[in-house]
Amino acid sequence: MSRNDPDVIDSVEKAFRVLESFSAERPQMSVSEAAEAAGLSRATARRVLLTFQRLGFAETDGRRFALTPRVLRFGFGYLSALPYWETAQSRMRALADELRESCSMATLDGAEIVYVARVPAARSMSITLSVGSRLPAYATSMGRVLLAALPPHELDTLLADVRLEPLTKNTLTGPAALRGELEQVRKQGFAVVDGEREEGVRSAAAPVRGRGGRVLAAVNVSANAARVPLEELRDVFVPRVVETADAITADIGYTGLH
């Protein structure tokens, strides 16, 4: 990209490629591992990592590098700029307390959702998620709400590059079927997913809107399937999730609700 775009600084692009290569699966990396993960030469990866270290964004034992808490400045800078993040917390807490299930908020980043707020349930569930966690959008209720809100050409481009893998036996993997589901989500204003991302976990999500009605984020409630029947999810959880999403939408200044 940088070689073809005069407005892109090549070294900055490479630095972010190295930064994004760190993950839960790769919390620490050697220079060679970072180079391979970022698709860079060893010499370039070494200079980037040493620059991170000098600036306080990474630390090393002399062989392997790991990020430091300083990198959280990027994430919290984004969160603090969101018009709904702080106001949403109390609404989400009330919903989680009422339903005794976890409540989350996410935005769309490419083909993935990124958690920007989460209120865990008092009860334990097998799935462990936190702010910053990423999941494939196509198999999650929040993801479907966000995908359904995309303009047709953007959705076409995104789905053309996504491999719809069967994460469980229930995962919807047919492109036509997924498009049909997204159209239904768009019309009804909420999404329900039953064991498609993880078996035994059900969730319902609704959109949070900003100026002009643009969907900014999605809010959901997740529950253990053994504890919450699908009928209860639809009849009890969905209306409360929609109400909470609408309340957050109203809090941030958009009043053109359904």
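It should be emphasised that the depicted structure is a prediction, and the values quoted were computed from it without experimental measurement.

Trainee: Can you help me understand the overall build of the protein in this one?
Mentor: Summing up its helical and strand segments, the protein has nine helices and nine strands in all. For the protein, the proportion of its 258 residues judged to be buried stands at 45%. By sequence separation, contacts in the protein at least 24 residues apart represent 56% of the contacts at least 6 residues apart. Counting every atom, the protein has about 13900 Å² of accessible surface; 50% of that belongs to carbon and sulfur.

Trainee: Can you walk me through the pattern of salt bridges in this structure?
Mentor: A side chain of one charge can pair with a side chain of the opposite charge if their charged atoms are brought near each other. Considering all chains together, one arrives at 15 salt bridges under this definition. The shortest N-O distance in the salt bridge between aspartate 251 and arginine 91 comes to 2.9 Å. Of this pair, aspartate 251 sits in helix α9 (residues 230-251) while arginine 91 sits in helix α5 (residues 85-99), and the two are 160 residues apart along the sequence. For aspartate 251, a relative accessible area of 37% puts it in the partly exposed group. Two residues, arginine 179 and aspartate 156, come together in a salt bridge whose shortest N-O distance is 2.9 Å. With arginine 179 in helix α8 (residues 175-188) and aspartate 156 in helix α7 (residues 152-160), this residue pair connects regions lying 23 residues apart in the sequence. Through salt bridges with shared partners, a single network forms among Glu98, Arg240 and Glu243.

Trainee: What am I meant to see in the confidence of the model for the protein here?
Mentor: The predicted coordinates should not be examined in detail at positions where pLDDT is low. Across the protein, pLDDT averages 88, with 89% of residues at or above 70. Mean pLDDT values for the elements of the protein range from 66 in helix α4 (residues 72-81) up to 97 in helix α6 (residues 141-148).

Trainee: Honestly, the packing of helix α2 (residues 31-38) against helix α3 (residues 42-55) in this entry has me stumped. Any pointers?
Mentor: Axes are the key here: two packed helices are described by the angle between their axes and the distance separating the axes. With their axes 8 Å apart at the nearest point, α2 and α3 run at an angle of 110° to one another. Between α2 and α3, the interaxial angle falls into the category roughly perpendicular. Facing Val31, Ser32, Ala34 and Ala35 of α2, the residues of α3 in contact are Arg42, Ala45, Arg46 and Leu49.

Trainee: How should I be thinking about the sheet that holds strand β6 (residues 134-136) in this particular structure?
Mentor: Pairing between the strands of a sheet comes from backbone hydrogen bonds, and it takes one of two forms, parallel or antiparallel. Pairing is antiparallel in the open sheet, where six strands are placed in the order β6-β5-β4-β9-β8-β7. With one partner strand each, in any of the chains shown, β6 and β7 (191-194) form the two edges of the open sheet. With strand direction ignored, the average angle separating the axes of adjacent strands in the sheet is 30°. Strand contacts of α9: β4 (102-109), β7, β8 (201-209) and β9 (215-224), with the helix running at about 25° to β8, the strand carrying the most contacts.

Trainee: Looking at this structure, I do not really get the side chain of serine 104. What am I missing?
Mentor: Mapped onto the secondary structure, serine 104 falls in strand β4. With a relative accessible area of 0%, serine 104 lands in the buried category. Among the polar contacts made by the side chain of serine 104, one reaches the side chain of arginine 118 at a distance of 2.6 Å.

Trainee: Would you mind showing me how to read the environment of valine 116 here?
Mentor: Mapped onto the secondary structure, valine 116 falls in strand β5 (residues 112-119). Between the C-alpha atoms of valine 116 and arginine 134, which are 18 residues apart in sequence, the distance is 9.9 Å.

Trainee: Would you take a moment to explain the packing of helix α1 (residues 10-21) against α3 for this structure?
Mentor: Interaxial distance between α1 and α3 falls to 10 Å at its minimum, and their mutual angle equals 80°. As far as their axial angle goes, α3 and α1 are roughly perpendicular. Residues Lys14, Ala15, Val18 and Leu19 of α1 pack against Thr44, Val48, Leu49 and Phe52 of α3.

Trainee: Even after reading the chapter, I still don't get the sheet that holds strand β3 (residues 64-67), so can you show me in this structure?
Mentor: With respect to topology, three strands assemble into an open sheet ordered β1-β3-β2, the strand pairing being antiparallel. Since the sheet does not close on itself, it has two edges, and those belong to β1 (28-30) and β2 (58-60), each with one partner. Geometrically, the sheet is characterised by an average inter-axis angle of 30° between neighbouring strands, direction not taken into account. Relative to β3, β1 runs antiparallel, the two sharing three bridges. Looking across to β3, one finds that glutamine 28 is bridged to alanine 66. Docked against the sheet, α3 engages β2 and β3, running at close to 105° with respect to β2.

Trainee: Sorry, what's going on with the packing of aromatic side chains here?
Mentor: The way to describe two aromatic rings as a pair is by their centre distance and the angle between their planes. Going through the model one piece at a time under the given rule, you end up with zero aromatic pairs. The positively charged end of arginine 70 is found above the aromatic ring belonging to phenylalanine 57, 5.3 Å away from the centroid.

Trainee: Got a minute to help me understand a nonpolar patch on the surface in this structure?
Mentor: Together, Ile9, Val12, Phe16 and Phe74 line one region of the surface with nonpolar side chains, adding up to about 380 Å² of accessible area. With respect to the secondary-structure elements, valine 12 resides in helix α1.

Criteria and thresholds
Residues numbered from 1 in each chain as written. Predicted model: local features only at pLDDT ≥ 70, side-chain atom pairs only at ≥ 80, totals over all residues. Heavy atoms only, no water. Helix = DSSP H or I, 4+ residues; strand = E, 2+ residues; numbered from the N terminus. Buried < 20%, exposed > 50% of the residue type's maximum accessible area, 1.4 Å probe, protein only. Contact = heavy atoms within 4.5 Å. Areas by Shrake-Rupley, 256 points an atom, 1.4 Å probe, with all protein chains shown as cover. Salt bridge = Lys/Arg side-chain N within 4 Å of Asp/Glu carboxyl O. pLDDT = per-residue confidence, 0-100. Axes fitted to C-alpha atoms, helices over the stretch in contact; angles between N-to-C directions. Parallel < 35°, antiparallel > 145°, perpendicular 65-115°, else oblique. Pairing = 2+ DSSP bridges. Polar contact = N/O pair within 3.5 Å; in protein donor to acceptor, adjacent residues only side chain to side chain. Phe/Tyr/Trp six-rings, centres within 6.5 Å; stacked < 30°, edge-to-face > 60°. Lys NZ or Arg CZ within 6 Å of the ring centre and 35° of its normal. Patch = residues over 30% accessible without salt bridge, like charges linked within 9 Å, V, L, I, M, F, W, Y side chains within 5 Å.

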